[in-house]
Amino acid sequence: MSYLNATHLVFSGDFLSDVSTVNNDPAHYNNATFQPSFQEFGQGASNGWWNPEGGATFQFQNCTVKKVSLKNGQTLTEPAADIVIGKLIRGAEGRNTGKMVDLDPQEQGSSELWGVKFRLVSVNNETLLEGDIRPTGFRDLQTRQQTGGQVNGQPFGGTWTSVVENITWGPLAERSPFLAELKATTQQNRISINLNAYGYYYAHAADGRFSMGRILGTIAPWEEEEPDTFAACRRLYGIYVTKVNNGLPIIFFSNTNFAFDAARKSVSVDFGSSFPIADSMGGIVLKEKLYLAVSKVAVTDSFSTTPVTTNSNSVVIIGEVPYESGPDWLNNTGGIVTLNNINNEAAALLENHQLVLLRPSGLGQYTIIAREAINGVVVRCDNFVNRLDYNQTNQLHLYAYQWGQPMKNVALTVTLEKPTAITPVGPTNPICELPGNNYPANGISFNTTVKTDKYGRAVLPLTGNRIDNPRLYIDGQIYILDYQLDTQPQDPAMGPLANDNIFIHLRDYFEIPAEPQWSDIATTMTQFANLYPIMSKYLVNLADPVAMATKRDILKFAFSQNIHDPIYMPVTRDLSENKRLTILKWLENPVVATKQEKAGLILPGELLASPAEPDAAPTINQERLKNAVRAKNGAGFVPFNIDKIFND
Amino acid sequence: MLKINPQFIHRAKQASKLPELFPLFQNAIELEHSTIPPYLTAMFSFKPGTGDYIRTVIHSVVIEEMLHMTIAGNILNAIGGSPDINKKDFIPDYKCHLPMGIGGELEVGLERYSRELVHKVFMEIEEPEHPLELKSRAVETDTYKTIGEFYQALQEKLAELAPEHLPGDPAKQVTSSFFSKDLLYPILTKTDAIKAINIIVEQGEGTTTSPADFDGEIAHYYKFQELYKGRQLVKDPDAPHGYSFTGPEIPFNPADVWPIFPNTKANMVAPGTEERRRLDEFNGSYVSLLNGLHRTFNGHPGYLPATIGVMFDLRLAAEKLCGTAFPGKPGFNLGPSFEWVDVLQPAPVNKALV
């Protein structure tokens, strides 16, 4: 149950994510059609979007510990009860704080944290606990803000789940009952961490929060044989569509993790990822009663603008959700609601029946706001964001759970999403043709069926094969895999922005030249210079071999770091090993041809033709991905203000 | 000619045990650091893509100041002391006098680049005991104590007091592949320390017969002098001391420099604004850097590469600040303020109006 363990700590505060945005547009990767205006602030393909000079920095700011819960069920919120209350969460000190990067311009729906340090410290900077957050991409993108999306530029939130590794404990930790308990349960020197983020600012608003967001964090024990990047728990999916905004269903309570502890007869629900908030700061205006209940009958409806109802004969009420309207509840509790000592009937049913979130809609009548996954089945991939080189094999871990327990010896099927078409130049795509994805199909090899072990885990080896520049001006190709229980499709209610897929950036086949010339790396370096103006403007013009040669020592330093080091170049971590080594080799002997070479700037050839059928409709996952990217980038966001979440 | 409060030289000369030199080497670290923010501020004040030559010159001086700081730190570690870098009073409160009363009345601030700044401040800071007359300059003579004499006094006292094999833990010595092994090497013996002090003095002042040090590197004073004169200093066999300011012109257009507000302080900018946050983040990075360096010089020399990453963050943050209009000060931009911040005090939550 990872972060929903009875032993857990809640913190909240801000995060800063100074991502760069010129690279949000795939067409900007084309050196041949690149224009200086693409580096300027502004919406639209011919500009650089909302933060063209971003440096990809990610860091915690103003984060403090709000509360801890102990395994005996006690909740502590005062420093007198546990010194850890009020302590600070900070990132690295004396080295870069961490980075947030996309996998690829054509897969921006799972932005990852890299090289982020987690430090729990006193105001005097004494360490209580310190470790490294294992790289993880966000999931469960969903609508959060009822109002005020126009102030920050978008109304969505998402979740990073991971483990904090390489833990070291400071002497002060011994004085905290919570940390003592956490330390005693720590396995493999790791703890679990969940970060629910919302209220992220694309706008230079009057409150000064540009490129900041709010974060609700939890740390808890991590248990061996559990996944790293999602919680091994049960899930609620929102099925109540408040409205459809610009084609996107607005669903609150869309993706919610919960855990049921039969022995303790308790249910813990993480509303921190999904509770509707008034604005970008986490205040709540909702005032209606909400109930957690168990449904005696299976509920399989997907989300819809037509409310799904139930009645008191079909459910057993567990209890009311004890939330509070106002600015503080989410920020002080993280939105984690635990109902203890639940009635015996509900507890017995919960073993194998769905949890539901209800709103009274009449005498003995309820509207189902969210329901548990069909049959209580949750199938997810752990290492779902993959950077893959030629001849490299990644071992992917898929997990299947039912009612929170591992599903042993079940078959999971894995399929490649169908190819998408090349986007021609036109009014909505003014710069150049955009490549399609998921082809050539023989670029990757994987088993289409895998079986789970006693931990509910199946290992899926994924191998990269040779591809030769199918996207012409963007290295490699994006492949997206779907997975499911062979006997049950993925739940349709996972949400219109869900991204429970496997994302793969397979890099182009590339051999390291014996004596690299500038022309061997010119395309790549020019692209970096175009996409990351912060580098070329302030540090070194990466498109200029003479400037590169002048700064070769520092460039060698940056290009030879471990990928887990925040100063690793390229920051986006999207370069194949062989291309990176070629840059390093060129820097050893930076040969610049006497004649200024244009070679490499304009690529010969054309995009590899897509095998997509003409006018083929996108699959549900392709539609979700498109929605997620638009939502994540705040592109074409039509602001809304929702006074009433429930219309009926 | 830069004066130094003679008491510091006196203290060096009076020392009878190595530990009495600890605070003086700590002073040396603070002195070498104290010039870096003013130089960097001038360098960062150039708009992107301008002032290349000038930036390169200032950058080369800054790198050498970092080297000198590292050498002073290594010597302090070598003789058994501990550099103290992450504390509020390590940072000068610009505009201010330099540490140890150096420069007498000279005040050093954080200002945009100008030839006047180079002349009146940077050249003053770096002025040798006996500047060479390279074409136009008259030799001044006086009897003030100088930085060079301070280091000379430390050198003499080390020679007198220190054992040949220095008592400090060799594992604390900081080296870096970014510096040649001739310039930055572990200080293990008295001879190492004495030689290293020569590097500091020569890079700053040149030798008594040439504007270059023994490695042919032009000393700071003359590097700045070429910026002031607007002509590159080149080898000239016909000129006295073998150099003259007869090289290519060093163009400088004042419009290339952002109008940063001199000695910007964070408290000049209203809390809760994006501008203030950016300034606070810059200072947060700076303090993080000092914390990282403190760690580096106190038993974790392998941490140095990590701090280099922070230096780049700092630079990016500073350049962005310099391009940002100063709220409430029309015609001015923000400057990097290089201030200690209590980074650990979280900002009050700007509660939503709900």
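Residues numbered from 1 in each chain as written. Chains lettered and ligands numbered in written order. Predicted model: local features only at pLDDT ≥ 70, side-chain atom pairs only at ≥ 80, totals over all residues. Heavy atoms only, no water.

By the naming in an unreviewed UniProt entry, chain B goes by Iminophenyl-pyruvate dimer synthase domain-containing protein and is assigned to Chitinophaga agrisoli.

Participant: Is there a simple way to explain the overall build of chain A in this structure?
Facilitator: Secondary structure assignment for chain A yields 10 helices and 34 strands. Taken over C-alpha atoms, the radius of gyration comes to 25 Å for chain A, in line with the 26 Å a tight globule of 648 residues would show. Judged by the C-alpha coordinates and their principal axes, chain A covers about 80 × 60 × 50 Å. Burial statistics for chain A: of 648 residues in total, 64% are counted as buried. Sequence-distant contacts in chain A: of pairs separated by 6 or more residues, those separated by 24 or more amount to 75%. Carbon together with sulfur atoms contributes 50% to the accessible area of chain A, which is approximately 22500 Å² in total. Counting 52 positive and 64 negative side-chain charges, chain A places the centres of these two groups 3 Å from one another. (Helix = DSSP H or I, 4+ residues; strand = E, 2+ residues; numbered from the N terminus. Rg over C-alpha atoms; globule rule 2.2 N^0.38 Å. Buried < 20%, exposed > 50% of the residue type's maximum accessible area, 1.4 Å probe, protein only. Contact = heavy atoms within 4.5 Å. Areas by Shrake-Rupley, 256 points an atom, 1.4 Å probe, with all protein chains shown as cover. Lys, Arg positive; Asp, Glu negative; His and termini not counted. Charge placed at Lys NZ, Arg CZ, Asp CG, Glu CD.)

Participant: What am I meant to see in unusual backbone geometry here?
Facilitator: Across the chain, the bulk of peptide bonds are trans and the bulk of non-glycine residues have phi less than zero. Omega for the bond connecting A:Met569 with A:Pro570 falls within 30 degrees of zero, at 0°, which places this linkage in the cis form. Residue position: A:Pro570 is located in the loop between α8 (552-559) and α9 (577-588). Between B:Tyr94 and B:Lys95 the backbone carries a cis peptide bond, its omega angle lying at 5°. Along the chain, B:Lys95 falls in the loop between α4 (52-78) and α5 (115-126). Its identity is not glycine, yet A:Asn391 carries a phi of approximately 70°, on the positive side. Of note, A:Asn391 is situated in the loop between β26 (385-388) and β27 (393-402). On the basis of relative accessibility, which here comes to 58%, the residue A:Asn391 falls in the exposed class. In this structure, A:Leu472 takes a positive phi of about 55° despite not being glycine. In this fold, A:Leu472 is placed in the loop between β32 (457-464) and β33 (477-485).

Participant: Just checking my understanding: could you explain the pattern of salt bridges for this structure?
Facilitator: In the structure shown here, the tally under the stated rule is 39 salt bridges over all chains. Its salt-bridge partner being A:Arg371, residue A:Asp491 comes within 2.9 Å of it at the nearest N-O pair. Placement of the pair is A:Asp491 in the loop between β33 and β34 (502-506) and A:Arg371 in strand β24 (residues 365-372), with a sequence separation of 120 residues. Here A:Asp491 matches A:Arg371 in class, with each residue buried. The partner of B:Glu319 in a salt bridge is B:Arg315, with the nearest N and O atoms 3.3 Å apart. Note that B:Glu319 and B:Arg315 are positioned in helix α10 (residues 304-322) at a spacing of 4 residues, about one turn of the helix. With relative accessibility at 2%, the residue B:Glu319 sits in the buried group. By sharing partners, the salt bridges in this structure join A:Arg134, A:Glu165, A:Arg190 and A:Asp228 into a single network. (Salt bridge = Lys/Arg side-chain N within 4 Å of Asp/Glu carboxyl O.)

Participant: I'm lost on the confidence of the model for chain B in this one. Help?
Facilitator: Caution is warranted with low-pLDDT regions, since their predicted coordinates should not be read in detail. Residues and elements named next belong to chain B. Averaged over every residue, the pLDDT of chain B is 89; residues scoring 70 or more account for 90%. Element-level pLDDT for chain B is lowest in helix α1 (residues 6-14), with a mean of 89, against a maximum mean of 98 in helix α3 (residues 36-44). A low-confidence stretch, residues 136-143 (pLDDT under 50), is modelled with 12 contacts involving residues beyond four sequence positions or located in other chains. Every residue in residues 348-354 scores below 50 in pLDDT, and together they form 16 contacts with partners more than four places removed in sequence or on other chains. (pLDDT = per-residue confidence, 0-100.)

Participant: What exactly am I supposed to notice about the domain arrangement of chain B here?
Facilitator: Put simply, an interface is often sized by how much accessible area is lost when its parts join up. All names here are of chain B. Each assigned domain of chain B is listed here: domain 1 (6-256) and domain 2 (259-343). The interface of domain 1 with domain 2 comprises 38 residues on the first partner and 29 residues on the second. The contact between domain 1 and domain 2 buries some 2700 Å² in all, and 66% of this surface belongs to carbon and sulfur atoms. At the boundary of domain 1 with domain 2, the tally comes to 2 salt bridges. The tally of links from domain 1 across to domain 2 stands at 10 residue pairs in polar contact (both at pLDDT 80 or more). For the side of domain 1 that touches domain 2, the secondary-structure elements that each account for two or more residues are α3 and α4. Ranked by residue count, the leading element in the side of domain 1 that touches domain 2 is α4, at 7 residues. Here the side of domain 1 that touches domain 2 is composed, by residue class, of 16 nonpolar, 13 polar and 9 charged. (Domains from an automatic or database assignment. Buried area = accessible area lost by both parts, 1.4 Å probe. Polar contact = N/O pair within 3.5 Å; in protein donor to acceptor, adjacent residues only side chain to side chain. Nonpolar A, V, L, I, M, F, W, Y, C, P; charged D, E, K, R; others polar.)

Participant: Just checking my understanding: could you explain the pairing of strand β17 (residues 255-261) of chain A for this structure?
Facilitator: Regular strands show a simple pattern: their side chains alternate between the two faces of the sheet. Residue and element names in this part refer to chain A. Most of β17 is tucked away: 7 of the 7 residues are buried. Side chains of β17 alternate between two faces, with Asn255, Asn257, Ala259 and Asp261 and Thr256, Phe258 and Phe260 buried alike. Across 4 bridges, strand β14 (residues 234-238) lies against β17 in antiparallel orientation. Opposite arginine 234, over in β17, you have phenylalanine 258 as the bridge partner. Bridge count for β17 against strand β18 (residues 266-270) is 5 bridges, and the pairing is antiparallel. The residue bridging asparagine 257 from the neighbouring strand is aspartate 270, located in β18. (Pairing = 2+ DSSP bridges.)

Participant: What's the story with the sheet that holds β26(A) in this structure? I'm lost.
Facilitator: The strands making up a sheet associate through backbone hydrogen bonding, with each pair oriented either parallel or antiparallel. Residues and elements named next belong to chain A. The 5 strands are arranged β26-β34-β33-β29-β31 in an open sheet whose pairing can be described as mixed. Looking along the sheet, the strands with just one partner apiece sit at the ends: β26 and β31 (449-451). Averaged over all adjacent pairs, the angle separating strand axes in this sheet is 25°, with direction ignored. The sheet contact formed by strand β29 (residues 411-416) and β33 spans 5 bridges and is antiparallel. Bridging across to β33, valine 414 finds its partner in tyrosine 483. (Axes fitted to C-alpha atoms, helices over the stretch in contact; angles between N-to-C directions.)

Participant: Any chance you could explain the domain arrangement of chain A here in plain terms?
Facilitator: Residue and element names in this part refer to chain A. One can read the domain layout of chain A as domain 1 (1-19 + 55-231), domain 2 (233-372) and domain 3 (377-510). Taking only C-alpha atoms into account, the centre of domain 1 sits 24 Å from that of domain 2. Facing 34 residues of domain 1, the contacting portion of domain 2 comprises 35 residues. Where domain 1 abuts domain 2, roughly 2800 Å² becomes buried across the two surfaces, and 51% of that area is made up of carbon and sulfur atoms. In terms of surface lost to domain 2, no three residues of domain 1 exceed Leu4, Arg144 and Gln146, which account for 24% of the buried area on that side. Remark: the boundary between domain 1 and domain 2 carries 1 salt bridge. Between arginine 235 and aspartate 140 there is a salt bridge, with the nearest N and O atoms lying 2.8 Å from each other. Inspection of the domain 1/domain 2 interface yields 20 residue pairs in polar contact (both at pLDDT 80 or more). The set of elements that each furnish at least two residues to the side of domain 1 that touches domain 2 consists of β1 (8-18), β2 (57-69), β10 (139-143), β11 (156-169), β12 (191-198) and β13 (212-221). Of the residues in the side of domain 1 that touches domain 2, the class split is 11 nonpolar, 16 polar and 7 charged.

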